[in-house]
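One letter stands for each residue in the lines below.
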Amino acid sequence: QVRVVESGGGLVQAGASLRLSCTASGLTFSVYALGWFRQAPGKERDFVAGVSWRGDSTYYADSVKGRFSISRDENTAYLQMNSLIPEDTANYYCALGKIWGRTIATLPTEYDTWGQGTQVTVSS
């Protein structure tokens with residue numbers, strides 16, 4: 001059974017940092033491209049950052065560029081979030097997709113395996 005688990009969310013003040021982690025079982029993690037998405041109440045699920053399956057390419061939404069950093073190793077994906085602002089408040093999801101090459105997919109429909117999410121709340 002495939003299972004994706006995110007962790008590391010929490011309640012922080014503006015300006016703080018958090019590091020989210022994503023692990024998976026029941027599949028070969030290293031052959032999947034990874035994406036982080038977020039969804040605030042009443043809003044659509046938005047792309048945040050992605051990394052290619054080899055880890056040689058990354059891409060960020062403009063809203064987080066320069067503040068967030070995505071990385072991965074053989075078993076875990078990370079989203080380092082610095083200089084958090086209240087607008088970053090959302091449920092953050094890790095998504096896996098069999099996307100080859102260095103192109104980063106930014107649409108939720110391009111990923112086929114999702115975790116349940118971890119809540120990030122940034123107070124002003």
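Above this note sits the structure.
Residues numbered from 1 in each chain as written. Predicted model: local features only at pLDDT ≥ 70, side-chain atom pairs only at ≥ 80, totals over all residues. Heavy atoms only, no water.

## A word on the packing of aromatic side chains
Step number 1: Tallied over the entire structure, the rule returns 7 aromatic pairs.
Step number 2: Geometrically, the ring pair formed by Phe37 and Phe47 is edge-to-face, given 5.6 Å between the ring centres and 80 degrees between the ring planes. Remark: Phe47 occurs in strand β5 (residues 46-51) and Phe37 occurs in strand β4 (residues 33-39); sequence separation between them is 10 residues.
Step number 3: Taken together, a centroid distance of 5.1 Å and an interplanar angle of 55 degrees make the contact between Phe37 and Trp114 tilted. With Phe37 in strand β4 and Trp114 in strand β10 (residues 113-114), the pair connects residues that are 77 residues apart, well separated along the chain.
Step number 4: Classification of Phe37 by relative accessible area gives buried; the value is 0%.
Step number 5: Aromatic ring contacts, followed pair by pair, group Phe37, Phe47, Tyr59, Tyr93, Tyr111 and Trp114 into a single cluster.
Step number 6: Of note, Arg45 hangs over the ring of Tyr93, and the distance from its end group to the ring centre comes to 3.7 Å. (Phe/Tyr/Trp six-rings, centres within 6.5 Å; stacked < 30°, edge-to-face > 60°. Helix = DSSP H or I, 4+ residues; strand = E, 2+ residues; numbered from the N terminus. Buried < 20%, exposed > 50% of the residue type's maximum accessible area, 1.4 Å probe, protein only. Lys NZ or Arg CZ within 6 Å of the ring centre and 35° of its normal.)

## Let's talk about the state of the cysteines
Step number 1: A full pass over the atoms with the stated rule returns 1 disulfide.
Step number 2: In this model Cys22 forms its disulfide with Cys94; the gap between the sulfur atoms is 2.1 Å. Because the torsion about its S-S bond is -75 degrees, the bridge between Cys22 and Cys94 counts as left-handed. Taken together, the positions of Cys22 in strand β3 (residues 18-25) and Cys94 in strand β9 (residues 90-97) put the pair 72 residues apart, joining distant regions of the chain. Both residues of the pair, Cys22 and Cys94, count as buried. (Disulfide = S-S within 2.5 Å.)

## Comments concerning the environment of Thr58
Step number 1: Position of Thr58 among the secondary structure elements: in strand β6 (residues 58-60).
Step number 2: Thr58 gets classed as partly exposed once you look at its relative accessible area, which sits at 38%.
Step number 3: With 37 residues separating them along the chain, Thr58 and Ser21 place their C-alpha atoms 16 Å apart.
Step number 4: Beyond its immediate chain neighbours, meaning those up to four positions away, Thr58 contacts Gly50, Val51, Ile70 and Ile104. (Contact = heavy atoms within 4.5 Å.)

## Regarding the nonpolar core
Step number 1: Ranked by size, the top nonpolar core spans 37 residues in total, and within it Trp36, Val48, Phe68, Leu79, Met81, Tyr92 and Leu96 carry the most contacts.
Step number 2: If you list the elements that add at least two residues to this core, you get β3, β4, β5, β7 (68-72), β8 (76-81), β9 and β11 (118-123).
Step number 3: Ranked by residue count, the leading element in this core is β9, at 5 residues. (Core = buried A, V, L, I, M, F, W, Y, C linked by side-chain atoms within 4.5 Å.)

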